[in-house]
Amino acid sequence: MADIPLSVRGLDKHFGGLAAVQNVDLDLRPGVTTALVGPNGAGKTTVFNLITGNIPADAGDVLLDGASVRGLQPYQIARRGVARSFQDLRLFGRMSVRDNVLAALEPAPWLWQPGGGGARRARAKAVETALERTGLTAQADARAMDLAYAERKFLSLARILATGARIWLLDEPASGLDPNSRARFVALVRQAVSEGVTICLIEHNLDIVTELADRIAFLDRGAKLAEGEPQEILGDPQLISIYFGEPR
Amino acid sequence: MIAYLTNLATLATIFGILAASLNLLIGYAGIFSIAHAVFFGLGAYAGAQLAMLLVPDLLLACLAGGLVAGALSLCLALPALRVRGEYFVAASLGLQMMAVTVFSEAHAFTGGHGGLVGIPLASLLGFDISAPPTFLVVCLVVLALVLVVIRVLMRGSFGRSLMAIRDSESAAEAFGKNVARLKTLAVVLGCAMAGVAGVLFAFYMAFVNVESFTLEQSILVMAMVIIGGTATLIGPLVGVLLLLLLPAGLSFLPFIPPTEIGSVQQLIYGLAMALLMIFRPAGLAGRSAGQR
Ligand SMILES: Nc1ncnc2c1ncn2[C@@H]1O[C@H](COP(=O)(O)OP(=O)(O)OP(=O)(O)O)[C@@H](O)[C@H]1O
Ligand SMILES: [Mg+2]
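Cut-offs used in this document
Residues numbered from 1 in each chain as written. Chains lettered and ligands numbered in written order. Predicted model: local features only at pLDDT ≥ 70, side-chain atom pairs only at ≥ 80, totals over all residues. Heavy atoms only, no water. Salt bridge = Lys/Arg side-chain N within 4 Å of Asp/Glu carboxyl O. Helix = DSSP H or I, 4+ residues; strand = E, 2+ residues; numbered from the N terminus. Contact = heavy atoms within 4.5 Å. Core = buried A, V, L, I, M, F, W, Y, C linked by side-chain atoms within 4.5 Å. Buried < 20%, exposed > 50% of the residue type's maximum accessible area, 1.4 Å probe, protein only. Axes fitted to C-alpha atoms, helices over the stretch in contact; angles between N-to-C directions. Parallel < 35°, antiparallel > 145°, perpendicular 65-115°, else oblique. Left-handed = near helix turned anticlockwise from the far one by under 90°. Nonpolar A, V, L, I, M, F, W, Y, C, P; charged D, E, K, R; others polar.

Student: With reference to specific residues and values, describe the pattern of salt bridges.
Tutor: All names here are of chain A. Going through the model one piece at a time under the given rule, you end up with 16 salt bridges over all chains. Residue Arg 123 pairs with Glu 106 through a salt bridge whose shortest N-O separation is 3.9 Å. You can see Arg 123 sitting in helix α4 (residues 116–133) and its partner Glu 106 sitting in the loop between α3 (97–103) and α4, a full 17 residues away along the chain. Linked through salt bridges whose partners overlap, the residues forming this network are Arg 9, Asp 27 and Arg 29.

This is how it looks when you write it as structure tokens:
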């Protein structure tokens, strides 16, 4: 169990009478990209919010390297190497692109960061590298809120990339991207995986899922209906009809 | 005339410190406090008490005022950690209203409605600094120090953390920011600086009472910050100059009867605020609405 970076056990979450997540198990393994797939409202984002501690689970547990994160604050879970993106991006809108990335590397809750000049230069270097890899170097001084749509999406990735987190939770990172940007996104994720990052992504575009995912977990009405290899899941006519919202 | 200008400049400098400290909360941390006059008042009372009971040393008084205001600002940090936006505005309004009552009733500490009278002349390390020009210079030095501290901190990781929280609290958390700690730190720092401004004010006026620490004062300071431009170094100073000089300037206009100056002022403030938020939402020193 300890060799599984992130493992979810029996997660439950109700919002009033709505069962948003029901008894979900999920293992994210190193070098394996998992896609969380399911119709709108299936509970995919809620699973991320439960993993990162944004909302407390009613039952179940999240294990990082086998150790429970129960009771930890979101910032503490983040510092254990879990980075996430948001469906609605949540960039630091009035800050520059560079500061958006830099801010993601400065967790010390004090008036300055420890480590002095050496650590500061290392952070600056990590920021420049992340901006280069996401193609944002030319926009480094622009305000995040002034970026074009695709650039904003890449900025949300640059923040994650720079942190060096070993687990990435990406919530619809490629939605609305043009084919060219989408190809860049796929290349970026592949490179991260080759560098040992464990990725879980929520994605509606099944082409991207096919391109990137090694495994698919299929969620519907809060429950995990199936999990397996992409061709297994995407070849199941029943799941596909649920996915495309055909009458049941 | 010189005396008049010195007086105006001293008040503007003290309000500059006050507005700059509120900008730390509003502009950088996104904490819309309308209770800032409370901490201005706490500093003023603490400094005045120290001067009257022990020694009228400005340095010690600033320390005491900053400490008292900073420590009691935890009353403001608590709601700031739990609620945002309009809910926090309402919570800070409640705090402001409570504080005015306490200030009017706690005779031992504040002198009640009558206030504290006969605050001794300010000294600094044994030197008398109470002469108006000297005191102005001292105030300017404090303002400069406050601005340097704010600039250094806000350009560093602390400022970035606060602005990240301001722009998206949940994303800041997701990147490892201890939001509660950082917000508390910002509140304590901003309110301690307001306390220091209060100490200067108390020494300068040689008399303080609750009238200077009311909701109107809090709103005036907030207007200074917003009109001048939040999250910029000079914005709050621009706001202070405008809102302090405006009444002074108006009183020179011959065609406005002195009894009407108050209402004319209110009209101009109101109009300026409304127009500004439409055309220059980031304030005079900020970017214009269409600027990229
Ligand atoms: N904080 C919340 N309070 C109440 N209900 C919520 C909350 N968050 C999510 N829900 C509800 O829980 C259900 C699952 O939502 P969730 O956002 O996890 O779905 P999703 O699979 O991410 O959908 P989408 O593909 O549209 O993003 C939805 O019915 C949603 O309305
Ligand atoms: Mg979602």
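Student: Residues and numbers for the environment of Val 127 of chain A, please.
Tutor: Residues and elements named next belong to chain A. As for its position among the elements, Val 127 is in helix α4. Considering only alpha carbons, one finds Val 127 and Ala 140, 13 residues apart in sequence, at a separation of 9.8 Å. Discounting chain neighbours no more than four positions away, the residues touching Val 127 are Arg 98, Val 101, Leu 102 and Leu 105.

Student: Quick one: what's the story with the nonpolar core, residue by residue and with numbers?
Tutor: Ranked by internal contacts, the top residues of the largest apolar core, which has 95 residues, are Phe 39, Leu 58, Leu 76, Phe 158, Phe 203 and Val 208 of chain B. Tallying contributions element by element places helix α10 (residues 179–205) of chain B first for this core, with 15 residues. What Leu 76 of chain B contacts, discounting residues up to four positions off in sequence, is Leu 25, Ser 33, Ala 35, Phe 39, Phe 88, Ser 92, Leu 95, Val 187 and Cys 191 of chain B. Judged by nonpolar contacts, the second largest core, of 52 residues, contains Leu 89, Leu 136, Ala 162 and Phe 218 of chain A.

Student: Could you give me a rundown of the packing of helix α12 (residues 235–250) of chain B against helix α13 (residues 261–279) of chain B, with the residues and numbers involved?
Tutor: All names here are of chain B. At a closest axis distance of 10 Å, the pairing of α12 and α13 adopts a crossing angle of 140 degrees. With respect to their mutual orientation, α12 and α13 come out oblique. Our pair here, α12 against α13, has a crossing hand that is right-handed. Residues Leu 243, Leu 246, Pro 247 and Leu 250 of α12 lie in contact with α13, whose contacting residues are Ile 261, Val 264, Gln 265, Ile 268 and Tyr 269. Residues that form the contact of α12 with α13 fall into these classes: 8 nonpolar, 1 polar and no charged.

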